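Next come the chains, spelled out residue by residue.
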Amino acid sequence: MPPPVSSDLGYVPPDGGWGWAVVFGASISVGFAYTFPKAFTIYFKELQAVYSISYSQIAWVTSIMCATTYGGGPISSILVNRYGSRPVVMFGGLLCGIGMVSGAFCTSIMQLYICVGFITGLGLALNLQPSVIMIGKYFLKRRPIANGLAMAGSPVMLCTLAPLNQFLFDSFGWRGSFLILGAILLNCCVAGALFRPIGPGTASVKTPVTKEGRGALKQEVTEDAMEISSPTNLPMKNKTEEEGDRDCCEKINQYLDFSLFKHRGFLIYLIGNVLMFLGFFAPIIFLAPYAKHMGIDEYSAAFLLSILAIVDIVARPTTGIIANSKWVRPRIQYFFSFSIAFNGTCHLLCPLASSYTGLVIYSVFFGLAFGMVCAMLFETLMDLVGAVRFTSAVGLVTIAECCTILLGPPIGGFLWMEWFKISTGRDPQRSVLTILNLQEGLQPSEGTLIDTFGDYKYMFIKCGVVMVLAGTFLFIMNYYNYRMLAKEEKERKAKEEDPKTVKKENEGRSNWIKETTQDGPELEPLREEQEGPKKEVNGLIEV
Amino acid sequence: MLAAFAGKCLERLLLLCLCLSLSGGSPADPAMTTQDASSQSQANSLTNMKNGLNEHMATTQIVNWQTQGRPSDHVTLGHEVSVPGPNLATVESRQTSNQSVSSVQYELLLPGASGTSVETTVSLDNVAEVELTCILDKQYSYLKSFQVTWERGNETISHTNKTGNSWSIKVSVSDSSKLGSYSCTLKGEKQLSGIFHFQVPKIERKEKPTISYLRDTAVMTCECPGYTAISWTWYMTNGSKQIVINESLLADRYVISKKSASITQLKILKLTKEDDGEYWCEAAFELGKSEGRLELKVLSFMVPLKPFIAVVIEVVILVALIACYEIHSTKVKCTEAKKEFDQIEHLKSEDGGLESSEVRHRRI
């Protein structure tokens, strides 16, 4: 087993204090990013009438929004690596606001695609990733709890945003609603303001004032209370000198760490997640239509989703607390795999539900499983790659997920048509359109009810199978990963006991630590470096 | 041969797995608002179904409704019958659309949920031959002596015994005078009755007011899904008068488009304050007319601007507060650090040079 709370950050995260404000800000950002496309569907009917377009055309707005939110991950990562989380989130909030406000004045559907789809989506992307990154910077020992709480912002926001959207639409029409939603999205800037930068220097202030700490404080005072202390400045200066000597690969890796593709844990996570996402979201979309086809009325069907959301709100922080316990934290990857498989099992058992009560029970378990998976989605990635490389990792993972989510339905629809032709020997007409429309949440016509009723069950079974497979895959691969990590740890410990070797940190630590420890006590150089690196402060990477 | 069959099955299975596995669906969390889209699409799909049926030869469609449903292809349920349970109304409709007259069948199972009487609504848009049947539920077959009468208002209609426990009449609905309530009554130990209300289809439209802005466009839609309207007329209420919106009257501002036989749309361009008010859409069927009321509200852009500015001010205040708090706490840290620094200097001067070097040697 790997050591459960190892950190390669270079400082000890506070695990509390201002961190809770960061968690609150993160939950707002995450909430907006995940729920805004969903709550937006209220406007579809009106927009269809105003612009005289079909459902598919208007649904493109949310598709573009989701695509940009997920696909903008790498851009987010690069910007955070360069500028830090706070400016990126505030800029993201501003973009969202601008996008929605300009959407209020649109006169064509193309303008809507750009304003509401692209610009707002990009703003949400710049909100989502940095929020999750900040949690990794502020928390270590209590990181699963912090992650669970931050992700709980999503169902809470959904419960508030959906009725709010309805109210706004009834009072102000769609244009007025867009305007006000733009202002509401500006609250992401407030969330961003809470993301106080933290780095190796700042953290030392929070530690009890020891002899070493006093020295750090002295440096801070002389540097006009800047948050980066002198020892950081010294190696940073060395770093900037060496930058010219680095080749372009390392430069790119500084912004977006492509060397992650050689990281075993990251690859396991990536493949497992891509597999999981194939069957992750479809059941939520088809739950209400499935319920309606079982004969349940519209409001009870919508109530199922409410039950799901409420259970989700409770499940996420609870999962965080469980994941933080000393039994689960070292084996958190297994817990994650288990929750994915549990999710899959729920879907496999769903076709057995033959009444409303059965569906309610399914919703409860589904909400639980969904919350468990979402709460640990980013925590497990942080656990695998470490908080420093997480910035790039999250960007790379989200763009892979984006491809799955977007390209899945069209390819699925095309392959379905081929299957239908082969199996029934006739051209798919209404049935296929029905299935394709199913993807967009439309209800099939009654004529093909009997044809497609079986396919709802197929959908659930297929999602269940995919999730169970993903869970099993992750379980097995993580077992292998844990064993390899334990082996590497043993080898590392054996090397450390060798007296000749200078004390080395983990692989993730940068070289400057080695240099300063090797140099021994410094008196004159430190004092000289106080004034010199002051110039470097602006160019330093803020963390 | 077996191998070929197995191969075909495998191919089918593989394709199915592949395509189903790739049909991911759109991301993130519970969509609570698919009901709007789905109801819209249901209307669309119903219209498509209807059109499709009209093109084909005699198609029999048997639908068994368990709960309150939306009208679909000449089948409607009254609200009393919507309770799921053993005493449901089974409605059977058969449509032969080769001829202009369609033939429809409706059945009611007696008794209904309330115990004594059950009602249902029969919506008819075209001239039709309607066969109404009342069926006695099996559990009441112990009733021996009873009298069955069919009537409409005061008029008694002669019926035929379809089977031992079902009775039916045929009504030829040729004009609006034939619309009304037809009832079958079982008088005996218990009195059970079933009522069929004949009416023109109800128009579906948005119940809540449509909200639009000055100089913007407003679109109002009326539809009667599953039925064919001969023509649609739009009225605007000015005071107590109803004015027909004639397209030639104000051609540049009003656009009436008939999307299909069952959907009509009124588009008003360049809205003014005077356009605010009540609108009526009227559908003319073979058997009569049906009306729907819509409301249009025209707002000025100042109305949403006020909440917008309020929220923006709130955001600015919060950001400023957080920034001030941060500056304040860094200043506090500064003064604390300065105090510490002074203490250290004091200690240094006491201890001497060597010890000060220890202080500065920090373990990183």
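You'll find the structure just up there.
A short tour of the structure in this document, coming up. (Residues numbered from 1 in each chain as written. Chains lettered and ligands numbered in written order. Predicted model: local features only at pLDDT ≥ 70, side-chain atom pairs only at ≥ 80, totals over all residues. Heavy atoms only, no water.)

This next bit is on the state of the cysteines. Residues and elements named next belong to chain B. Inspection of every chain in the model, using the stated rule, returns two disulfides over all chains. Here cysteine 134 engages in a disulfide with cysteine 184; their sulfurs sit 1.8 Å apart. On the sign convention where negative is left-handed, the bridge of cysteine 134 and cysteine 184, at about -90° about the S-S bond, is left-handed. Of this pair, cysteine 134 sits in strand S5 (residues 128–136) while cysteine 184 is found in strand S10 (residues 181–187), placing the two residues 50 residues apart along the sequence. In this structure cysteine 134 comes out as buried when scored by relative accessible area, which is 0%. Among the residues examined, cysteine 184 registers a relative accessible area of 0% and is labelled buried. Disulfide partner of cysteine 222: cysteine 281, at an S-S distance of 1.9 Å. One disulfide, between cysteine 222 and cysteine 281, carries an S-S torsion of -90° and so falls in the left-handed class. Placement of cysteine 222 in strand S14 (residues 218–223) and of cysteine 281 in strand S19 (residues 277–285) is noted, with a sequence separation of 59 residues between them. Comparing cysteine 222 with cysteine 281, the two get one shared label, buried. In chain B, the cysteines engaged in disulfides, taken in order along the sequence, are linked 1-2, 3-4. (Disulfide = S-S within 2.5 Å. Helix = DSSP H or I, 4+ residues; strand = E, 2+ residues; numbered from the N terminus. Buried < 20%, exposed > 50% of the residue type's maximum accessible area, 1.4 Å probe, protein only.)

Further remarks concern the sheet that holds strand S7 (residues 155–157) of chain B. Whether parallel or antiparallel, the strands of a sheet pair through hydrogen bonds between backbone atoms. Residues and elements named next belong to chain B. With mixed pairing, five strands are arranged side by side in an open sheet as S4-S11-S10-S6-S7. Whereas interior strands pair on both sides, the edge strands pair on one side only; in this sheet they are strand S4 (117–123) and S7. Neighbour to neighbour, the strand axes of the sheet diverge by 25° on average, direction disregarded. (Pairing = 2+ DSSP bridges. Axes fitted to C-alpha atoms, helices over the stretch in contact; angles between N-to-C directions.)

Residues and elements named next belong to chain B. With five bridges connecting them, strand S6 (residues 147–152) and S10 associate as antiparallel partners. Bridged to threonine 149 within S10 is threonine 185. Inspection of the sheet shows S6 paired to S7 by three bridges, in the antiparallel sense. Counted as the bridge partner of tryptophan 150 is isoleucine 157 from S7. Remark: two residues form the turn of the hairpin made by S6 and S7, two consecutive strands paired antiparallel; glycine 153 in that turn has positive phi of roughly 70°.

A word on the pairing of S5(B). Residue and element names in this part refer to chain B. The buried count for S5 comes to seven of nine residues, which makes it a mostly enclosed element. Bridge analysis of strand S3 (residues 102–110) against S5 gives nine bridges, and the strand direction is parallel. Bridge pairing in S5 links glutamine 105 to glutamate 131. In this structure, S5 lies alongside strand S9 (residues 166–173), joined through eight bridges in antiparallel fashion.

A few words now on the sheet that holds strand S8 (residues 160–163) of chain B. All names here are of chain B. The strand order across the open sheet formed by four strands is S3-S5-S9-S8, and the pairing between neighbours is mixed. Edge positions in the sheet fall to S3 and S8, since each of these pairs with one other strand and no more. Mean inter-strand twist for the sheet, computed between neighbouring axes without regard to direction, equals 30°.

Going through the model one piece at a time under the given rule, you end up with 19 salt bridges over all chains. Between A:Glu46 and B:Lys206 there is a salt bridge; the shortest N-O distance is 3.9 Å. In this pair, A:Glu46 sits in helix H2 (residues 44–51) while B:Lys206 sits in the loop between strand S12 (204–205) and strand S13 (210–213), so the two residues belong to two different chains. Taking relative accessible area as the criterion, A:Glu46 reaches 11% and is therefore assigned buried. Judged by its relative accessible area of 30%, B:Lys206 falls in the partly exposed class. (Salt bridge = Lys/Arg side-chain N within 4 Å of Asp/Glu carboxyl O.)

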